[in-house]
Structure formats: structure tokens, C-alpha cells
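Here's the letter readout for the chains.
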Amino acid sequence: MEKISVNLEKLYYGFPVVLISFYDQNGVPNVTTVSSTYTLKNMMMVGLSSKGFAAQQIKEVKDFVINLPMRTMEQEIGICGSHSGRDANKFDLAMLTPVKSSVVNAPIVGECPIAIECTLKDVIESDHFGGLTNLMAEIKGRCADEGYLSAEGGLELSRLDPIHYYGDGKTKGFKFTV
Ligand SMILES: Cc1cc2nc3c(=O)[nH]c(=O)nc-3n(C[C@H](O)[C@H](O)[C@H](O)COP(=O)(O)O)c2cc1C
């Protein structure tokens, strides 16, 4: 396959959109849209802008939840990804329901069928990649709506309908595809 070199600021090749939720330092629930995550075994990695409210707060409070919204939640994803928690309680703004986790001190987004409960273990910030904060966290619990589980108790893949984020830095706004 012939390829030409492309001058793109970034090339995001389809990352599942998640909502990261936490109680801020005042105990108020808040939530932010994120696409830069991955998980391996009991580890969760999250890539955040250092100046965002979520990064600054989670570094202090440590506990957070990664929630997987389905495609029906496009509007809520947009709201949580376009306002800062510094100015608003985005659970209220997006009309989402905070449900206290029983294993970490963080709220689960009630409307998302899948949630992964995490505690921050390491923060990776490098002068080479200024402005980026990577959160390395331990997974303390996982929960799923029963409707998304197979008879064997695993994920029922046919029910999952998440949104993936692709971006090249050229197009303004966010492109949602499946
Ligand atoms: C689809 C989508 C994906 C996003 N992915 C990320 C991400 O991976 N990391 C990040 O820091 N911000 C990401 N954002 C932007 C933040 O959600 C946005 O800047 C938000 O207003 C930050 O809020 P906060 O200040 O409350 O943390 C994304 C936004 C959208 C809509």
C-alpha cells in the first residue's frame, strides 16, 4: 500500500469515549469526557490536559470511575466535554445521576451500563510533553448493568454500542463514529 507523509497535529485512531467521574476536594461530584484511556489487567491509564479540572482534582482526591456511555448519550458526552468542572457541576448540567461507589470514594454515572472503579497510584508528567498529565491507577472494582452481561457472566458484546473518537487536529470539534 503506497502512503504519503501527512502533516497532522495528531491522529487519533478511534478511542472509546468514556466519562471520568470523581468527587472534587469539596466532595461535589463532577464528570469529564475523555477518549485517551487504556487498561491492562488491573491497571487503568488516563491521559488528561494538565490544566483541566479533572486532572487537578483527581491528583488530590485519588479515586475516580471510568464510565462507558452508549451512543444514546451523545448529548451528555458533548456537555461534559465542553464545560469545565471549575465553572459547573456537570452531573447537574448534563442531568446525570451520581451513584456512590461501594469500593472507591467516587461517584458512578448511573446512566452508563459499565463502570470501572479506580484509585490513583502514579502521576506521569514530563517536560518533553508539557501540559499533559497521565494518571496511572489501580482498578479496585468493575460493575455492569445485568442487561449487558451474558448468561456466563461475561460481557454481552452484542449489547455494547459505545462511541469512538477519531481526530486529526484539523477538523474543528469532535467526530463521533462507530
Ligand atoms: C469526545 C471527546 C473526547 C475528549 N477526550 C479528552 C481526553 O482524552 N483528555 C482530555 O484532557 N480532554 C478530553 N476532552 C476534552 C475535555 O472533556 C474538555 O476539555 C473538558 O471541558 C474538560 O473539563 P474539566 O476542566 O472539567 O476537566 C475530550 C472531549 C470530547 C468531547
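Here, every reference points to the structure presented above.
The rules behind each value
Residues numbered from 1 in each chain as written. Predicted model: local features only at pLDDT ≥ 70, side-chain atom pairs only at ≥ 80, totals over all residues. Heavy atoms only, no water. Helix = DSSP H or I, 4+ residues; strand = E, 2+ residues; numbered from the N terminus. Contact = heavy atoms within 4.5 Å. Phe/Tyr/Trp six-rings, centres within 6.5 Å; stacked < 30°, edge-to-face > 60°. Buried < 20%, exposed > 50% of the residue type's maximum accessible area, 1.4 Å probe, protein only. Lys NZ or Arg CZ within 6 Å of the ring centre and 35° of its normal.

**What to know about the side chain of S150**
And step 1. Its location among the elements puts S150 in the loop between β10 (132-144) and β11 (164-167).
And step 2. For S150, the residues in contact, after removing those within four places along its chain, are L155 and E156.

**Things to note about the packing of aromatic side chains**
And step 1. Under the criterion given, the structure shown has four aromatic pairs.
And step 2. Centre to centre, the rings of Y13 and F15 are 4.7 Å apart; their planes meet at 50°, and the pair counts as tilted.
And step 3. The class for Y13 is exposed, based on a relative accessible area of 61%.
And step 4. Counting every residue linked through ring pairs, the aromatic cluster contains Y12, Y13, F15 and Y165.
And step 5. The side chain of R159 reaches across the aromatic face of Y148, ending 4.3 Å from its centre.

**Regarding unusual backbone geometry**
And step 1. Positive phi, close to 75°, is recorded for K62, a residue that is not glycine.
And step 2. Tracing the sequence through the fold places K62 in the loop between α1 (53-61) and β6 (63-68).
And step 3. Classification of K62 as partly exposed rests on a relative accessible area of 39%.
And step 4. Despite not being glycine, M95 has its phi angle at roughly 55°, a positive value.
And step 5. Tracing the chain through its elements places M95 in the loop between α3 (90-93) and β7 (98-100).
And step 6. Assessed through its relative accessible area of 70%, M95 is described here as exposed.

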